[in-house]
Amino acid sequence: MRKKILISLTAAILLLVVGLALRFCPCLEPSSKDLVWAKQISKIKTILKETEDISAEGQLRPVQVVREADLTGDGVPEALVAIGSGGAYTDDLALFIWQGDKPVLAKFIDAAGEEGPIILSEGASVRNGASVNWKPEQKVIYAGSWNVDFDGALADCEVNAYQYNRDSLAFVYNQNLSADLGSQFCADLRQSL
């Protein structure tokens, strides 16, 4: 009898400890366990519909998550979302981050100091192209664009890099990173032509 009570008491204590651990363990917060960007598409569409100058309305291409990476260093992945066609050969992309309990458009600060979300482009034609890349370890997202001349040689290549700034909660244009990443990006592109 005493053995049964001891086993029952031990089991009850174990269940209590496990229950408390599961309730308060940060490893089980939505940001690291339950957050699945693909499940956020309806919320993302609503955000896009309500955002001035950005809309996925009337687009033939579906709104969808194309890539994820932790660009803010908080352990939660950000999502690059295709929001429609940018023209004949590009898709428009927007970066979403997780704030509190909801997805929001990432804030950018451009070279002129203007704040707001930006639309990035990705795609290529015979003579033009654009791509979006990132360096999560540096908290950087960068957009490259290029065009080639009639001989197939690289005529123009540019990179704009934005680094996450925890103080402003924004991806801020960084001229030095743009130059450094642009140098490598354009060299790699030149090599591939």
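These figures come from a predicted structure and were not determined experimentally. (Residues numbered from 1 in each chain as written. Predicted model: local features only at pLDDT ≥ 70, side-chain atom pairs only at ≥ 80, totals over all residues. Heavy atoms only, no water.)

Undergrad: Looking at this model, I keep getting lost on unusual backbone geometry. Mind explaining?
TA: The bulk of non-glycine residues show a negative phi, and the bulk of peptide bonds are trans. You will see that Lys-139, though not glycine, has its phi angle at about 60°, which is positive. Assessed through its relative accessible area of 27%, Lys-139 is described here as partly exposed. The phi torsion at Leu-169 lies on the positive side, around 55°, for a residue other than glycine. For Leu-169, the position within the fold is in the loop between strand E10 (154-165) and strand E11 (170-173). Residue Leu-169 is classed as partly exposed on the basis of its relative accessible area, which comes to 44%. (Buried < 20%, exposed > 50% of the residue type's maximum accessible area, 1.4 Å probe, protein only. Helix = DSSP H or I, 4+ residues; strand = E, 2+ residues; numbered from the N terminus.)

Undergrad: So what exactly am I meant to see when it comes to helix H3 (residues 175-192) here?
TA: Counting along an α-helix, one turn takes 3.6 residues, and residues three or four places apart therefore face a common direction. Under the 1.5 Å per step criterion, the end-to-end length of H3 is 25 Å for 18 residues, consistent within 8% with the ideal 26 Å. Buried residues in H3 make contact with strand E8 (128-135), strand E9 (140-148), E10 and E11. The opening residue of H3, the one whose side-chain oxygen lies 3.1 Å from the backbone nitrogen of Asn-176, is Asn-174. (Expected span 1.5 Å × (residues − 1). Contact = heavy atoms within 4.5 Å. Polar contact = N/O pair within 3.5 Å; in protein donor to acceptor, adjacent residues only side chain to side chain.)

Undergrad: Honestly, the pattern of salt bridges in this entry has me stumped. Any pointers?
TA: Where charged atoms from two side chains of opposite charge approach closely, those side chains can pair. A complete count under the given rule lists two salt bridges for this structure. One salt bridge connects Arg-67 with Glu-122, and the closest N-O pair in it is separated by 3.2 Å. Residue Arg-67 is found in strand E1 (residues 64-69), and its partner Glu-122 is found in strand E7 (residues 120-124); the two are separated by 55 residues along the sequence. Residue classification places Arg-67 among the partly exposed positions, given a relative accessible area of 28%. The shortest N-O distance in the salt bridge between Glu-115 and Lys-107 comes to 3.5 Å. (Salt bridge = Lys/Arg side-chain N within 4 Å of Asp/Glu carboxyl O.)

Any functional reading would require information that these geometric values do not contain.
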